[in-house]
Amino acid sequence: MYAQHPVRGQAAIDAIEELRPAGLLIRHHHERIDGSGFPDRLRGKTIPLGARIIAVADALDRVVASNPGDDALPLGLARVRAGLGSHFDHALFPHLESVAADVPTSAQ
């Protein structure tokens, strides 16, 4: 059932023509660069860029949200880095890292 949530999310907004492009991003945000994701097992650049961006942002956010403290952001970046080439697009990491450097920590 969990693996169907991206398809259901896409279907929920598909009736609104202006949101159809966003529906594709919703559908594909759990695809993986190596093709092992879901629901369509897309790989590499066949995964829409927006979905690849959502995937790295979501992964970072999940780690940061579940690990309070100053080490949450470095831990999140390390987890994303560990998934480069399998889960996530290598080309996106420098951008994520650059933006993350501007996020204030509780110590600042």
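Please refer to the structure placed before this passage.
Residues numbered from 1 in each chain as written. Predicted model: local features only at pLDDT ≥ 70, side-chain atom pairs only at ≥ 80, totals over all residues. Heavy atoms only, no water.

J.: Help me get a handle on empty space enclosed by the protein, residues and values and all.
T.: The final tally for this structure, using the stated rule, is one cavity of 30 Å³ or more. Lining the largest cavity, in full, are Glu-31, Ile-33, Ile-47, Ala-51, Arg-52, Ala-55, Val-56, His-87, Phe-88 and Asp-89. A breakdown of the residues in the lining of the largest cavity according to their chemical character gives six nonpolar, one polar and three charged. (1 Å grid on protein atoms, 1.4 Å probe; cavity = no way out; pocket = protein on both sides within 12 Å on 5 of 7 lines; lining within 4 Å. Points joined across faces, edges and corners; volume = space filled by probe spheres on them. Nonpolar A, V, L, I, M, F, W, Y, C, P; charged D, E, K, R; others polar.)

J.: Could you give me a rundown of the nonpolar core, with the residues and numbers involved?
T.: Counting 12 residues, the largest nonpolar core is built from Ala-55, Val-56, Ala-59, Leu-60, Leu-73, Leu-77, Val-80, Leu-84, Phe-88, Phe-93, Leu-96 and Ala-100. Broken down by secondary-structure element, the contributors of at least two residues to this core are helix H3 (49–66), helix H4 (72–82) and helix H5 (93–100). Looking at which element gives the most residues to this core, the answer is H3, with four residues. Here Leu-96 is in contact with Val-56, Leu-60, Leu-77 and Val-80, once residues within four sequence places are set aside. (Core = buried A, V, L, I, M, F, W, Y, C linked by side-chain atoms within 4.5 Å. Buried < 20%, exposed > 50% of the residue type's maximum accessible area, 1.4 Å probe, protein only. Helix = DSSP H or I, 4+ residues; strand = E, 2+ residues; numbered from the N terminus. Contact = heavy atoms within 4.5 Å.)

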